[in-house]
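The primary structure of each chain is shown beneath.
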Amino acid sequence: MVSSVIIPVLSLVTFAGIHSLTASLRFKRLLVRVLGDWADRLYLPAYSLVSVLTILPLMYLLYRNPGRVLYKVPSPWRWLMICGQLIAGLLAPGAFRDAPHRFKIRSQLSGPQVSEAGGSLKIRGIYRRVRDPFLLSGLVMIWLTPVMTVNLLIIYLLATIYLFLGSLHWETRLVAQFGDEYREYRKRVHRIIPGLKGSFKESD
């Protein structure tokens, strides 16, 4: 049992390491030096592809050896959970669409002065109700799994910690990118619970 858990955990650690490295500002500075203006165009598609490729081994390991079943949610509740997962899966592409300027490498590297000159935080779409839709969608997709096993539970707990720490780091990055504008926004919109602090009314 222990060995069947260790390999998936190592796979998750590998994914997290690669994911964090390729999201770091140091890596992005290197891309800008090497690729110039092409960095912003190529980074997000390449980053998404690498994320998918590095998570596939973990998914395969869990599929082959999920461990002892802890519970199975019966119908019709399991289908409601699956629908919730599908809806959560649509949040990520929607979040990219609603705030493409947040992911511009040059803006991330330059700080709030450039953001003020080239555009504001521009709260739109899902960001009016929740600050981190990626954290929200990740947690929903994980914990609405209708069949839970020992190995899945261990991986999900570790993944939850990683997602939460990553969200904290991302918010620090956004404060550096947008300055006081993001600090004010953070007071008005909750990180992951939609509508808990209200919603952001301002559009552009």
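**Comments concerning the pattern of salt bridges**
Inference 1: Tallied over the full model, the rule gives five salt bridges.
Inference 2: Its salt-bridge partner being Arg97, residue Asp98 comes within 3.3 Å of it at the nearest N-O pair.
Inference 3: Classification of Asp98 by relative accessible area gives buried; the value is 10%.
Inference 4: Connected through salt bridges with shared partners, the residues Arg131, Glu171 and Arg191 form a single ionic network.

**Focus: unusual backbone geometry**
Inference 1: In this model, Ser75 is joined to Pro76 through a cis peptide bond whose omega is 5°.
Inference 2: The phi angle at Lys122 is positive, at roughly 55°, despite the residue not being glycine.
Inference 3: Of note, Lys122 is situated in the loop between α7 (112-118) and α8 (133-143).
Inference 4: Exposure remark for Lys122: the relative accessible area of 28% places this residue in the partly exposed category.

**Focus: the nonpolar core**
For soluble globular proteins, the rule of thumb is that nonpolar side chains tend to be buried together.
Inference 1: Counting residues in hydrophobic clusters, the biggest one holds 13 residues, and the most contacted among them are Leu121, Ile123, Tyr127, Leu174, Phe178, Tyr182 and Tyr185.
Inference 2: Only α9 (150-178) and α10 (180-188) provide two or more residues apiece to this core.
Inference 3: Ranked by residue count, the leading element in this core is α9, at four residues.
Inference 4: Those residues in contact with Leu121, other than ones at most four positions away along the chain, are His101, Arg102, Phe178, Glu181, Tyr182 and Tyr185.

**Regarding the side chain of Asn151**
Inference 1: As for its position among the elements, Asn151 is in helix α9.
Inference 2: Apart from residues no more than four positions distant in its own chain, Asn151 is found in contact with Ser4, Val5, Leu62, Asn65, Pro66 and Gly67.

**As for the packing of helix α4 (residues 77-89) against helix α5 (residues 91-98)**
Inference 1: Viewed as axis vectors pointing N to C, α4 and α5 meet at an angle of 20°, and their least axial separation amounts to 5 Å. Taken together, the axis directions place α4 and α5 in an arrangement best described as roughly parallel. Across the interface between the two elements, Ile87, Ala88 and Gly89 from α4 touch Leu91, Ala92 and Pro93 from α5.

**Concerning the environment of Ile193**
Inference 1: Considering the arrangement of structural elements, one finds Ile193 in the segment after α10.
Inference 2: Considering only alpha carbons, one finds Ile193 and Cys83, 110 residues apart in sequence, at a separation of 19 Å.
Inference 3: Not counting the four nearest positions on each side in its chain, Ile193 is found in contact with Arg129 and Val130.

**Details of α5**
Inference 1: Residues of α5 that are buried include every one of Gly94, Ala95 and Asp98, and no others. Axial view of α5: buried residues confined to an arc of 100°, hence all on one face.
Inference 2: Structurally, α5 contributes buried residues whose contacts are with α8.

**Structural notes on the confidence of the model for the chain**
Inference 1: Taken as a whole, the chain shows an average pLDDT of 86; of its residues, 90% reach a score of 70 or greater.
Inference 2: When mean pLDDT is taken per element in the chain, strand β2 (residues 147-149) scores highest with 95 and α7 scores lowest with 49.

**Regarding the packing of α4 against α8**
Inference 1: Two numbers describe how α4 lies on α8: the axes approach to 8 Å, and their chain directions differ by 155°. Compared by their axis directions, α4 and α8 come out roughly antiparallel. Crossing handedness for the pair α4 and α8: left-handed. From α4, Met81, Gly84, Gln85, Ala88 and Gly89 reach across to α8, where they touch Ser137, Val140, Met141 and Trp143.
Inference 2: In terms of residue class, the contact of α4 with α8 is made up of five nonpolar, four polar and no charged.

Calculation criteria
- Residues numbered from 1 in each chain as written.
- Predicted model: local features only at pLDDT ≥ 70, side-chain atom pairs only at ≥ 80, totals over all residues.
- Heavy atoms only, no water.
- Salt bridge = Lys/Arg side-chain N within 4 Å of Asp/Glu carboxyl O.
- Buried < 20%, exposed > 50% of the residue type's maximum accessible area, 1.4 Å probe, protein only.
- Helix = DSSP H or I, 4+ residues; strand = E, 2+ residues; numbered from the N terminus.
- Core = buried A, V, L, I, M, F, W, Y, C linked by side-chain atoms within 4.5 Å.
- Contact = heavy atoms within 4.5 Å.
- Axes fitted to C-alpha atoms, helices over the stretch in contact; angles between N-to-C directions.
- Parallel < 35°, antiparallel > 145°, perpendicular 65-115°, else oblique.
- Arc of directions from axis to C-beta.
- pLDDT = per-residue confidence, 0-100.
- Left-handed = near helix turned anticlockwise from the far one by under 90°.
- Nonpolar A, V, L, I, M, F, W, Y, C, P; charged D, E, K, R; others polar.

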